[in-house]
Amino acid sequence: MPRAEVPIKEVKVRAYRIPTDAPEADGTFAWERTTLVVAEVTAGGVTGLGYTYSSIAVVPLIASTLAPIVMHEDAFAIPRIWNAMVAQVRNIGSRGVAASAIAAIDVALWDLKARLLGISLTQLFGMARDSVPVYGSGGFTTYSDERLREQFGSWVHENGCRFVKMKIGSNPGEDRRRMEAAREAIGAAALMIDANGAFDRKDGLLFAELGAELGVIWFEEPVSSDDLEGLRLLRDRAPPPVEIAAGEYGYDSFYFKRMMDAGAVDVVQADATRCCGYTGFLKAAALADAQPMALSAHTAPALHLPVCCAAPRLRHVEWFHDHVRIEQMLFDGAPVLRNGTIRPDLSQPGHGLTFRHADAEQFAA
Ligand SMILES: [Mg+2]
């Protein structure tokens, strides 16, 4: 039965700062906590849940700039609301914090729509697959070799992961030893490396060659992801089986299109918590499909699961240590890793996640 518009009655947003379980670092950054921003949008007596891993600056941005234009809109008019949000941040810069704020609201709107319809979001998007392969992602440069082996060994031997990814680049003199330790711990599973833009082109090439020697299949951001020419050079020069990947700082379709047009990567990454939500992720997925090019989802596996089931050329989603820990701690319904894949629960409405407000209160920012 057709239904009338369902006006949005409430938009809520809060930030939480969750300490990591150990000091963490990659090739260019170190951190000891993760900021989670949770947005809730209510219409028709139903609440949709969205979130992003970003800055606490997302909270006042949503409250002052986005919530007023989302309020009273029809909950089913997601493209109209999305366009209005993007237009609303034009003068402050639509990328970075603003795109993450839009992402949190957009995810909440999609969850809300599926819940209003009483179906799972995975079914609402439409399923190209009913489960999604993950790659275990951690191996921080702050880890001892023992911790690195333990983390990777457990993903591969206990959880059936076929791929694992480690960070390199903060102390390149140690990386060969660390990569060899990882290689040894994972047996026949595939090794991936991520330099987070730490290298210049020549050192990137050296590590691509070392990677090929150790059977590395994926080299992420060997140079800055803004250096499209450098990525392209490394893509051309990296010996097989090394593929070049980037895209985690993509906040809009133009970014992904530029990266693809430059021939900069073999696999493009997209992050729905940054690229303006599920709506932006689906746009990136359509571009990758047309290229054609494989797509990999960056972090936040619980949030990405429904849209990863829909994306045509999806290869995998990143089972990122910090986010997995937070999603399992604070969200009921977070997916469980079995045989290296995660699977949506189609009996649950929306994305199937419920935020545990009381448990999160201790982390409120
Ligand atoms: Mg990365």
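Not measured: the values here are computed from a predicted model.

Draft legend 1. Spotlight on the coordination of the magnesium ion. The protein atoms donating to the magnesium ion are D194 (OD), E220 (OE) and E248 (OE), with metal-donor distances spanning 2.0 to 2.3 Å. Mapped onto the sequence, the residues coordinating the magnesium ion show the spacing D-x25-E-x27-E. Of this pair, E220 sits in strand β7 (residues 216-220) while E248 is found in the loop between β8 (243-246) and α9 (253-261), placing the two residues 28 residues apart along the sequence. Taking the relative accessible area as the measure of exposure, E220 reaches 0% and is therefore buried.

Draft legend 2. Broad picture of the UniProt feature "domain: Mandelate racemase/muconate lactonizing enzyme C-terminal" (unreviewed entry) in the protein. Using the residue numbers shown here, the UniProt feature "domain: Mandelate racemase/muconate lactonizing enzyme C-terminal" (unreviewed entry) corresponds to residues 145-241. Along residues 145-241 the backbone is 54% helical and 15% strand, and the end-to-end C-alpha distance reaches 25 Å.

Draft legend 3. The pattern of salt bridges, seen in detail. Tallying each qualifying case throughout the model produces 25 salt bridges. Between D194 and K167 there is a salt bridge, and its shortest N-O distance comes to 3.0 Å. Of this pair, D194 sits in strand β6 (residues 190-194) while K167 sits in strand β5 (residues 163-167), and the two are 27 residues apart along the sequence. Classification of D194 as buried rests on a relative accessible area of 0%. The salt bridge involving R315 is made with E243; its shortest N-O contact spans 2.8 Å. Separated by 72 residues along the polypeptide, R315 in strand β11 (residues 314-320) and E243 in strand β8 bring together distant segments of the chain. Connected through shared salt-bridge partners, K165, K167, D194, E220 and E318 make up one network.

Draft legend 4. Just the packing of aromatic side chains, in detail. Under the definition given, this model contains 15 aromatic pairs. The interplanar angle of 90° and the centroid separation of 5.5 Å between the aromatic rings of W31 and F140 together place this pair among those described as edge-to-face. Linking W31 in strand β2 (residues 30-43) with F140 in the loop between β4 (132-138) and α5 (145-158), this pair joins segments that are 109 residues apart in sequence. Classification of W31 as buried rests on a relative accessible area of 13%. Centre to centre, the rings of F125 and Y278 are 5.3 Å apart; their planes meet at 75°, and the pair counts as edge-to-face. Of this pair, F125 sits in helix α4 (residues 121-125) while Y278 is found in helix α10 (residues 277-290), placing the two residues 153 residues apart along the sequence. Here F125 matches Y278 in class, with each residue buried.

Draft legend 5. Here's a closer look at the side chain of E220. At 2.7 Å, the side chain of E220 forms a polar contact with the side chain of K165. Residues within four places of E220 in sequence aside, it is in contact with Y135, K165, I193, D194, A195, N196, A245, E248 and Q269.

Draft legend 6. Expanded view of unusual backbone geometry. With an omega of 5°, the peptide bond between P240 and P241 qualifies as cis. Positionally, P241 belongs in the loop between α8 (228-237) and β8. Here the amide bond leading from Q291 into P292 is cis, since omega sits at -10°, within 30 degrees of zero. Take P292: it is sitting in the loop between α10 and β10 (294-297). Phi angles above zero are rare outside glycine, and C276 is one such case at about 65°. Position of C276 among the secondary structure elements: in the loop between β9 (267-270) and α10. In this structure C276 comes out as buried when scored by relative accessible area, which is 5%. Positive phi, close to 50°, is recorded for N339, a residue that is not glycine. Residue placement: N339 occurs in the loop between β12 (331-332) and β13 (341-342).

Draft legend 7. Summary view of the nonpolar core. L36, I105, F219 and F281 are the most contacted members of the largest nonpolar core, which has 119 residues in total. Broken down by element, the residue count for this core peaks at 13 residues, all from helix α3 (residues 97-117). Of the domains in this structure, domain 1 (8-118 + 357-363) and domain 2 (123-355) are the two that each give at least three residues to this core. L36 has contacts with R14, A15, Y16, I18, Y51, T52, Y53, I326, L330, F331 and F355, leaving out every residue within four places of it along the chain.

Draft legend 8. Spotlight on the domain arrangement of the protein. As far as domains go, the protein holds domain 1 (8-118 + 357-363) and domain 2 (123-355). When domain 1 packs against domain 2, close to 3600 Å² is buried across both sides, 65% of that on carbon and sulfur atoms. Its largest share of buried area at the contact with domain 2, domain 1 owes to Y51, Y53 and W110, together 19% of the area lost on that side. Counting every contact that joins domain 1 to domain 2 gives 1 salt bridge. Measuring nitrogen to oxygen at the nearest pair gives 2.6 Å for the salt bridge that ties D252 to R95. Looking at the side of domain 1 that touches domain 2, the elements with two or more residues in it are β1 (8-25), β2, β3 (46-53), α2 (78-88), α3 and α13 (357-360). At 12 residues, α3 tops the list of elements feeding residues into the side of domain 1 that touches domain 2. Split into classes, the residues belonging to the side of domain 1 that touches domain 2 amount to 22 nonpolar, 8 polar and 9 charged.

Draft legend 9. Main features of the packing of helix α1 (residues 58-70) against α3. Axis separation between α1 and α3 bottoms out at 10 Å; the angle between their running directions is 60°. Comparing the axis directions of α1 and α3 gives the class oblique. Of the two possible hands of crossing, α1 and α3 adopt the one that is right-handed. Residues V58, L61, I62, L66 and V70 of α1 lie in contact with α3, whose contacting residues are V97, A98, S100, A101, I102, A104 and I105.

Parameters at a glance
- Residues numbered from 1 in each chain as written.
- Predicted model: local features only at pLDDT ≥ 70, side-chain atom pairs only at ≥ 80, totals over all residues.
- Heavy atoms only, no water.
- Donors = N, O, S within 2.8 Å, 3.2 Å for Na, K, Ca; no water.
- Helix = DSSP H or I, 4+ residues; strand = E, 2+ residues; numbered from the N terminus.
- Buried < 20%, exposed > 50% of the residue type's maximum accessible area, 1.4 Å probe, protein only.
- UniProt positions renumbered as here; feature names shortened; annotations may be inferred.
- Salt bridge = Lys/Arg side-chain N within 4 Å of Asp/Glu carboxyl O.
- Phe/Tyr/Trp six-rings, centres within 6.5 Å; stacked < 30°, edge-to-face > 60°.
- Polar contact = N/O pair within 3.5 Å; in protein donor to acceptor, adjacent residues only side chain to side chain.
- Contact = heavy atoms within 4.5 Å.
- Core = buried A, V, L, I, M, F, W, Y, C linked by side-chain atoms within 4.5 Å.
- Domains from an automatic or database assignment.
- Buried area = accessible area lost by both parts, 1.4 Å probe.
- Nonpolar A, V, L, I, M, F, W, Y, C, P; charged D, E, K, R; others polar.
- Axes fitted to C-alpha atoms, helices over the stretch in contact; angles between N-to-C directions.
- Parallel < 35°, antiparallel > 145°, perpendicular 65-115°, else oblique.
- Left-handed = near helix turned anticlockwise from the far one by under 90°.

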